[in-house]
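Survey of secondary and tertiary structure
Given next are the chains, with one letter for each unit.
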Amino acid sequence: MVAYLEAKNITIRFGGLTAIDNLSFKVERGQAVSIIGPNGAGKTTIFNALTGIYRLNEGSIHFDGKRIDGLAPWKIVSAGIARTFQNIRLFSDMRVIENVLVGTHIQMDYGFFDELFRTKRFKRLEDEKTRFAARLLREVGLEKRIHDYADNLPYGEQRKLEMVRAAATGAQLLLLDEPAAGMNPKESEELRQFILQLKDRGFTILLIEHDMNMVMNLSDYIYVVDSGRLIAEGRPHEIQGSSKVAAVYLGEGGAEEWAC
Amino acid sequence: MERNKIDVEAFVYSKRHILTTGAVLLLLAVPYSGFSQYIIRIMIMVGLYIILALGLNVLTGYTGLVSLGHAGFFAIGAYTAAILMLKLNMNFLLAAVISMTAAGIAGLLIGLPTLRLTGTYLSIVTLGFGEIVRMAAMNFESVTNGTLGLRNIPRPVFFGYQLTLANGGLYYLMLALLAAVTLACLAIKNSKLGRALRAIKTNELAASMMGIYTPGCKLAAFVISAVITGLAGAYYSSLVSYIDPNSFTFDISILILSIVILGGMGTVRGMYLGALILIVFPEIARPLMEWRFVVYGVVLIVMMRFKPQGVLGWRSSIPYRIPDEKNA
């Protein structure tokens, strides 16, 4: 059976530095898969490769049966992959609803002529997508913020907005890059529930995270990366008990303290 | 202070239909209101610079790409229309359309190499473009008559009726063009392309992650901006009947940019106010007339330092229009 997303033996080099070294992983449809590892291990580089920002030196990436490595970012998004960023990249000078509407860009199927002359098609699609965006925001509890400017939102809501915006593209696979960064335990738990809800709605999630509680209580499968190489993979309980993984995070001596 | 601004904005917004209609009626009545030709000519110049500002605004205000060479598109529009009307006896409308196309093509040609450039480098390329156009106009003597310029450019003729200052024809033509360009800019701003351009301005990487084809959008901004500026050029050549390369200097590019920044980058209302202030003030403060380009530069510096969003560039607090749900 062909996996929904599959990276086969991918290698990425920047000059003399090998950032990703012969890495392979796969994600099945409907799963929540996590990539964990120390800082600088190459996790965000993987995301950048998946979304077409970096080119592969070797290997290939397949999504939904099609080869996607080498495609331009906008083509990959149209194919159904959307992402959030480690340092939030909202459109700060635009309103919350406008941010989500930018997310619906590829779903708004009208041309320049339609917008210049305000045709029926334009009105219909704009109304449809605006209602859709408002509904999405309502469902995640950002209703009171619809008209606010994105940079006025508190941190946790900004992160939520980024995810809603990614979901609005119509993508089925969401790449979430450290969504819980900077959150306190309560916020992280809310986020975990939120991601589970996304999974229930049919999204496939690929997650980069450091928050082990979230990773262990959310993932169907985990890949552990260090210095660009895959050093372990398995189901949460397998990774939890692995001293090899502990050594990578905590150093040899800290392996005994590895408990969640 | 913020409170007052928001109340004013809400008030104006709620009365916008009446206010717009009133303003339009007043503007239509101007040629019959006893103003001297001198005043009417100033009003036409204000209108012309509003159009120029609206054009630059699409590239700089919406998309965040600062052009220091928009006089180049202005010149291309003016010279193309002038040459067509003088040498081929073409009517104004057709000449204007061809001028807009020529300017648009120039916009495409300048946009393409700048796609991968950011900020300062892009601005320098546009600066070079503006100068190249002016040099070309000076040296391409067989076509443009070089530094001697082109004289006796005919006034527009509509249905056998010549439009002049005296009969108000030029004034009404200006109003018509201004209305068309304003509506076009508003249409673009509140649509898919407008949002995409603003997204690119704020965070180009994130915009590309939304599936937006950023090179295409940036080129579209260049072309639209150039086309509007070219239209202004075509009208200008017919208005003043004489153009030469010195009408399209770097100073003009800076003037347009100053209007955009003073009024409020990214807004349409800012273009109206900016042009009104910067075109009218040299007429009022006659001693400043020779120093006006110095003033434009000072305006740029002061605005960018203290109020980069411009006089009318505050964030709108009017709620975004969400259409009602048809079913719950």
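Reading the values: rules and limits
- Residues numbered from 1 in each chain as written.
- Chains lettered and ligands numbered in written order.
- Predicted model: local features only at pLDDT ≥ 70, side-chain atom pairs only at ≥ 80, totals over all residues.
- Helix = DSSP H or I, 4+ residues; strand = E, 2+ residues; numbered from the N terminus.
- Rg over C-alpha atoms; globule rule 2.2 N^0.38 Å.
- Buried ≥ 20, exposed ≤ 12 C-beta atoms within 10 Å, placed from the backbone.
- Contact = placed C-beta atoms within 7 Å.
- Nonpolar A, V, L, I, M, F, W, Y, C, P; charged D, E, K, R; others polar.
- Core = buried A, V, L, I, M, F, W, Y, C linked by C-beta atoms within 7 Å.
- Domains from an automatic or database assignment.
- Axes fitted to C-alpha atoms, helices over the stretch in contact; angles between N-to-C directions.
- Parallel < 35°, antiparallel > 145°, perpendicular 65-115°, else oblique.
- Left-handed = near helix turned anticlockwise from the far one by under 90°.

1. Section: the overall build of chain B
Helix and strand counts for chain B stand at 14 helices and two strands. Here the C-alpha atoms of chain B give a radius of gyration of 20 Å, agreeing with the 20 Å that 2.2 N^0.38 yields for 328 residues. For chain B, the spread of C-alpha atoms along the principal axes amounts to about 65 × 50 × 45 Å. Across the 328 residues in chain B, those meeting the buried criterion constitute 46%. In chain B, the proportion of contacts linking residues at least 24 apart, taken out of those at least 6 apart, comes to 78%.

2. Things to note about the overall build of chain A
The secondary structure content of chain A amounts to ten helices and ten strands. Relative to its length of 260 residues, chain A is compact, with a C-alpha radius of gyration of 19 Å against a globular reference of 18 Å. By principal-axis analysis of the C-alpha atoms, chain A measures approximately 65 × 40 × 35 Å. Every one of the 260 residues in chain A was classed for burial, and the buried ones make up 42%. Looking at chain A alone, contacts between residues at least 24 apart form 64% of all its contacts between residues at least 6 apart.

3. Examining the interface of chain B and chain A
In this assembly, 26 residues from chain B lie in contact with 32 residues from chain A. When contributions to the side of chain B that touches chain A are tallied by element, the ones reaching two or more residues are helix H8 (169-189), helix H9 (192-202) and helix H10 (204-208) of chain B. Per-element accounting of the side of chain B that touches chain A gives the leading share, seven residues, to H9(B). In the side of chain B that touches chain A, the residues fall into 16 nonpolar, five polar and five charged.

4. Quick notes on helix H3 (residues 96-103) of chain A
Counting buried positions along H3(A) gives eight out of eight residues, so the element sits mostly inside the fold. Those residues of H3(A) that are buried are in contact with helix H5 (120-139) and helix H6 (155-168) of chain A together with H9 of chain B.

5. A few points about the nonpolar core
Counting residues in each nonpolar core, the largest one holds 169 residues, and the members touching the most others are A:Leu174, B:Ile51 and B:Ala53. In terms of residue count, helix H11 (residues 214-240) of chain B provides more of this core than any other element does, 15 residues in total. Mapping this core onto the domain boundaries places at least three of its residues in each of domain 1 (1-63 + 172-260) and domain 2 (81-170) of chain A.

6. Overview of the packing of helix H3 (residues 37-62) of chain B against helix H13 (residues 269-284) of chain B
Residues and elements named next belong to chain B. One can describe the packing of H3 onto H13 by two numbers: an axis separation of 8 Å at closest approach and a directional angle of 135°. Looking at the two axes, H3 sits oblique to H13. Helix-helix and strand crossings are classified by hand; for H3 and H13 the assignment is right-handed. From H3, Ile42, Met45, Val46, Tyr49, Ile50, Ala53, Leu54 and Asn57 reach across to H13, where they touch Met271, Tyr272, Gly274, Ala275, Leu276, Ile279, Val280 and Glu283.

These values are about where atoms sit, not about what they do.
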